[in-house]
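# Reading the structure
Here is what each chain is made of, one letter per residue.
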Amino acid sequence: MKSILIKDTTKEERIGIIRRSMDCGGGCENCSSCWLGGGSPFDMYQRYIDGEMEIREINAEYHARYVRG
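Below, the structure is looked at part by part. (Residues numbered from 1 in each chain as written. Predicted model: local features only at pLDDT ≥ 70, side-chain atom pairs only at ≥ 80, totals over all residues. Heavy atoms only, no water.)

## Considering the nonpolar core
Going by this rule: What makes a nonpolar core is a set of buried Ala, Val, Leu, Ile, Met, Phe, Trp, Tyr and Cys residues whose side-chain atoms join them at distances within 4.5 Å. Remark: exposure states derive from per-residue accessible area (1.4 Å probe, protein chains only) relative to the maximum for the residue type, with buried under 20%, exposed over 50%, and partly exposed in between. Put simply, DSSP H or I for four residues or longer makes a helix, DSSP E for two residues or longer makes a strand, and each gets a number counted from the N terminus. Contact criterion: two residues are considered in contact whenever any of their non-hydrogen atoms come within 4.5 Å of each other.
Counting eleven residues, the largest nonpolar core is built from Ile6, Ile17, Ile18, Met44, Tyr45, Tyr48, Ile49, Met53, Ile55, Ile58 and Tyr62. Listed by contribution, the elements that provide at least two residues to this core are helix 1 (11–21), helix 3 (46–49) and helix 4 (55–64). In terms of residue count, the dominant contributor to this core is helix 4 (three residues). Residues contacting Ile49, with those up to four places away along its chain left out, are Lys11, Arg14, Ile15, Ile18 and Phe42.

Here it is, written out as structure tokens:
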């Protein structure tokens, strides 16, 4: 498996990574991202696409909103 880190990818590759990872094949009606506050996956992961923040950091930030400590 090829690395998905920003340092190892181009912007075009990162767009493809997000596109492939969010394509569950079930259609949007089966996805909880939008109605749980994630919004469009391309909006949610724009900072990754732009090379500003890794996917794991975005996921951790999103997850932290729903974890009570």
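## Notes on helix 1
Listing the buried residues of helix 1 in full gives Arg14, Gly16, Ile17 and Ile18. For helix 1, the secondary structure elements touched by its buried residues are helix 2 (41–44), helix 3 and helix 4.

## Topic: the environment of Ile15
Along the chain, the position of Ile15 falls in helix 1. Residue classification places Ile15 among the partly exposed positions, given a relative accessible area of 27%. Look past the residues within four positions of Ile15 in its chain and what remains in contact with it is Phe42 and Ile49.

## Details of the pattern of salt bridges
Where we set the bar: Salt bridge, as used here, is a side-chain nitrogen of Lys or Arg placed within 4 Å of a carboxyl oxygen of Asp or Glu.
In the structure shown here, the tally under the stated rule is four salt bridges. Between Asp8 and Lys7 there is a salt bridge whose closest N-O contact spans 3.5 Å. Asp8 gets classed as partly exposed once you look at its relative accessible area, which sits at 31%. A salt bridge links Glu61 to Arg47; the nearest nitrogen and oxygen atoms lie 2.6 Å apart. With a gap of 14 residues between them, Glu61 in helix 4 and Arg47 in helix 3 connect regions that are remote in the sequence. Judged by relative accessible area, Glu61 falls into the partly exposed class, the value being 39%.

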